[in-house]
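Structural characterization, general
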Amino acid sequence: MGMDVAGHVSGERLCADIEHNGEFGGLDGEGRGRTAPTGSEANRRCREFLRERLADAGLVVRVDAVGNVVGRWEPPGASGAAVASGSHLDSVPAGGVFDGPLGVYAALEAVRAMQDAGAEPSRPVEVVSFTEEEGATFGPGLLGSSVATGARSVENALALTDEEGRTLEAALEATGARGEGRLDAAAWDAFLELHVEQHTRLEEQGVPVGVVTDITGITHCTATVEGEADHAGATPMGPGRGDALAAASEVVLAVEAAAERRAESDPAAVGTVGRLDVSPNATNVVPGRAELGIDIRSVEADSVAALVDATEDALAAVESERGVTTTVETDLDLDPTPMAERVQDAARAAGERAGVATTPLHSGAAHDTMHVAGVTDAGMLFAPSRDGVSHSPREWTEPDDCADATRVLAGALAELAGA
């Protein structure tokens, strides 16, 4: 049945849905961009269109208390725990049209393909769109999936605020996106998410689909360096100068150097100082304080720990050598997440049946699947990103690649659902 299901995937139908969704919050200018953050009018229209498309395919639609949207296909004879697939519809400001929506509409197209093929799954199939994956407006991201997996309570999520102090609850109410109850991802038998790669590996290999083996662990640290602000002209050079920025610059380079060394044995290891706040931030004042936002990632927990240790060592070194004081706090700590073998196997087998080449990859970005993998068997597929660009109007995945990845998704879901 797998080959028959894949053969019923309509790339035209899939891309029409993605194109239509991209018009909500669409941006003029070069490329295809959209701004559809959670709680916006554009996001409301995305949600309404999705609910219409799910209903058109005969799926029963429900929305939970934090706005997670689920369409359930339960054909005659299907019973037990559902198999689910999906992603998210929210975007970053001036983002692309594929990041998130490809996974949502590919899941729907997989169901339509099963229907058109006359497949008779023994389990129900659910199409899901998680709320606020990007974290561009409320909270740290992966919000809807964190609630669906019990990592965050409904009450905690609804109380989160945006920069204007508006709560998620108020935003969902205003856009008609708040439902009732809580989606329970632990009730799924399996979950599989298709997403754009956001990297160039598939493009370089000429392979249309990546089967994700594991998702990177992520640690975010905030380090502070306290020196002494003083007049830039009247303060002589030398050890008495408490230049917090000069000390922080050594930490920045130390993080980079440690990550480069680690990457020689673990190519997934990366370390980035992506934020630097300097005080008083005046040209004629020796900086008295610097705050660094540090991002450390790897699929190997040992590498993450080693890079955190290297960061702490660098801070200790500038304390002793420059006479500054430092602190470091951990703001985010997500463990590396392996994907379930049986879901990977189903994806690889689906690719073989459909004649679509696949290759194993790790994910260097966080996705909702990270949370879902904590409560049920989960997996991910990647489709190529042109030049590796995402979160930009220049984000692009070829229609043929969208269709091929959806063929693999459909075949894998059909197998997992017992079709």
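Right above here is the structure, for reference.
Presented here is an overview of the structure given in this document. (Residues numbered from 1 in each chain as written. Predicted model: local features only at pLDDT ≥ 70, side-chain atom pairs only at ≥ 80, totals over all residues. Heavy atoms only, no water.)

**Quick look at the pairing of strand S7 (residues 125-130)**
Which entries qualify depends on this criterion: Think of it in three bands: residues with accessible area under 20% of the maximum for their type are buried, residues over 50% are exposed, and the middle band is partly exposed, with areas taken using a 1.4 Å probe on protein chains only. Helix numbering and strand numbering both begin at the N terminus, where a helix is a DSSP run of H or I of at least 4 residues and a strand a DSSP run of E of at least 2. Strands qualify as paired when DSSP identifies two bridges or more between them.
Among the six residues that make up S7, six are buried, leaving the element largely enclosed by the rest of the structure. Here S7 shows no split at all, with Val 125, Val 127 and Ser 129 on one side and Glu 126, Val 128 and Phe 130 on the other all buried. Relative to S7, strand S5 (residues 83-88) runs parallel, the two sharing six bridges. Bridge assignment links Ala 84 to a residue of S7, and that residue is Glu 126.

**Details of the sheet that holds strand S6 (residues 95-96)**
Strand order in the open sheet made by the three strands is S1-S2-S6, with antiparallel pairing throughout. Each edge of the open sheet carries a strand with a single partner, namely strand S1 (26-27) and S6. Note that S1 and strand S2 (residues 33-34) share two bridges and pair antiparallel. The partner of Leu 27 across the bridge, within S2, is Gly 33.

**What to know about the packing of helix H11 (residues 341-354) against helix H13 (residues 399-416)**
Threshold: Helix axes are fitted only over the stretch in contact, all axes being lines through C-alpha atoms; the angle between N-to-C directions runs from 0 to 180 degrees. Orientation labels follow simple angle bins: below 35 degrees gives roughly parallel, above 145 gives roughly antiparallel, 65 to 115 gives roughly perpendicular, and whatever is left gives oblique. It is the rotation of the near helix from the far one that decides the hand of a crossing: anticlockwise by less than a right angle makes it left-handed, clockwise makes it right-handed. The contact rule is simple, with two residues in contact once any of their heavy atoms fall within 4.5 Å.
With their axes 8 Å apart at the nearest point, H11 and H13 run at an angle of 125 degrees to one another. Classified by the angle between their axes, H11 and H13 sit oblique to one another. Helix-helix and strand crossings are classified by hand; for H11 and H13 the assignment is right-handed. For the pair formed by H11 and H13, the contact residues are Arg 342, Val 343, Ala 346, Ala 347, Ala 349, Ala 350, Gly 351 and Arg 353 on the first element and Val 408, Gly 411, Ala 412, Glu 415 and Leu 416 on the second.

**Focus: the pairing of strand S4 (residues 69-73)**
Judged by how many residues are buried, S4 sits mostly within the fold: four of five residues are covered. Pairing geometry for strand S3 (residues 60-63) and S4, over four bridges, is antiparallel. Looking at S4, one finds that Val 61 is bridged to Gly 71. In this structure, the hairpin formed by S3 and S4 is closed by a connection of five residues, where Gly 67 is found at a positive phi of approximately 90 degrees.

**Overview of unusual backbone geometry**
For the bond from Ser 279 to Pro 280, the omega torsion is 5 degrees, close enough to zero to count as cis. Here Pro 280 lies in the loop between strand S12 (270-279) and strand S13 (285-286). Phi is positive for Leu 142, close to 55 degrees, though the residue is something other than glycine. Take Leu 142: it is sitting in the loop between S7 and helix H5 (143-148). Judged by relative accessible area, which is 7%, Leu 142 ranks as buried.

**Things to note about the state of the cysteines**
Our working definition: Defined by distance alone, a disulfide is two cysteine sulfur atoms within 2.5 Å.
Applying the stated criterion to the full structure yields zero disulfides. Of the cysteine sulfurs around Cys 15, a residue in no disulfide, the closest is that of Cys 402, at 4.9 Å.

**Here we look at helix H10 (residues 301-322)**
Here is the rule we go by: Multiplying one less than the number of residues by 1.5 Å gives the expected span of a helix. Note: the arc covers the axis-to-C-beta directions of the helix.
The terminal C-alpha atoms of H10 lie 32 Å apart, and with 22 residues this matches the ideal 32 Å at 1.5 Å per residue to within 8%. Of all the residues in H10, the buried ones are Ser 303, Val 304, Leu 307, Val 308, Thr 311, Ala 314, Leu 315 and Val 318. On an axial view of H10, the arc spanned by its buried residues comes to 145 degrees, and they lie on one face. The outward face of H10, more than 90 degrees from its buried face, is lined by the exposed residues Asp 302, Asp 313, Ser 320 and Glu 321. Taken together, the buried residues of H10 touch strand S10 (217-226), helix H9 (244-263), S12, strand S14 (289-298) and strand S15 (325-334). One or two positions beyond H10, positive phi appears at Gly 323, with a value near 75 degrees.

**Observations concerning the packing of aromatic side chains**
Between two aromatic rings, the relevant description is the distance of the centres plus the angle of the planes. Quick reminder of the rule: Paired rings are identified among Phe, Tyr and Trp, the last through its six-membered ring, by centres lying within 6.5 Å, and are further divided according to the angle between planes into stacked (under 30 degrees), edge-to-face (over 60) and tilted (the rest).
One pass over the structure, following the stated rule, counts six aromatic pairs. Judged by centre distance (6.0 Å) and plane angle (65 degrees), the ring pair of Phe 24 and Phe 49 falls under edge-to-face. Within this pair, whereas Phe 24 is found in the loop between helix H2 (11-22) and S1, its partner Phe 49 is found in helix H3 (residues 41-56), the two being separated by 25 residues in sequence. You can call Phe 49 buried: its relative accessible area is 9%.

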